Amino acid sequence: MASKESQVAAQVRLNQWAQEIQDCQNRPKDMTVDEWCKQHNIKKANYYWRLRWM
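Residues numbered from 1 in each chain as written. Predicted model: local features only at pLDDT ≥ 70, side-chain atom pairs only at ≥ 80, totals over all residues. Heavy atoms only, no water.

It is worth spelling out the pattern of salt bridges at this point. Going through the model one piece at a time under the given rule, you end up with two salt bridges. A salt bridge links glutamate 20 to arginine 50, with the nearest nitrogen and oxygen atoms 2.5 Å apart. Pair noted here: glutamate 20 is in helix 1 (residues 4-25) and arginine 50 is in helix 3 (residues 44-53), with a separation of 30 residues, a long-range link. A single burial state applies to glutamate 20 and to arginine 50, both of which are buried. Of the charged contacts, one joins lysine 38 and aspartate 34 as a salt bridge, the two residues approaching to 3.5 Å between their closest N and O atoms. In this pair, lysine 38 and aspartate 34 both sit in helix 2 (residues 33-39), four residues apart, roughly one turn of the helix. On the accessibility criterion, aspartate 34 (29% relative accessible area) is partly exposed. (Salt bridge = Lys/Arg side-chain N within 4 Å of Asp/Glu carboxyl O. Helix = DSSP H or I, 4+ residues; strand = E, 2+ residues; numbered from the N terminus. Buried < 20%, exposed > 50% of the residue type's maximum accessible area, 1.4 Å probe, protein only.)

Turning next to the packing of helix 1 against helix 3. Two elements in contact, helix 1 and helix 3, have axes separated by 10 Å at closest approach and are oriented at 110 degrees. What the angle tells us is that helix 1 and helix 3 run roughly perpendicular. The hand of the helix 1/helix 3 crossing is left-handed. On helix 3, the residues that touch Trp17, Glu20, Ile21, Cys24 and Gln25 of helix 1 are Tyr47, Trp49, Arg50 and Leu51. (Axes fitted to C-alpha atoms, helices over the stretch in contact; angles between N-to-C directions. Parallel < 35°, antiparallel > 145°, perpendicular 65-115°, else oblique. Left-handed = near helix turned anticlockwise from the far one by under 90°. Contact = heavy atoms within 4.5 Å.)

Structure representation (structure tokens):
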């Protein structure tokens, strides 16, 4: 069973990922996902992996 601290840490991480996904989806229309990820130091593969979990 996960500790309360690890559950809180996981929830914080999920909230951060959700915010990043929302920010990317609200990027300017002429900006690609690849460009957005580079600007935010996120690997494109990680972005799509996180998107799959949301």
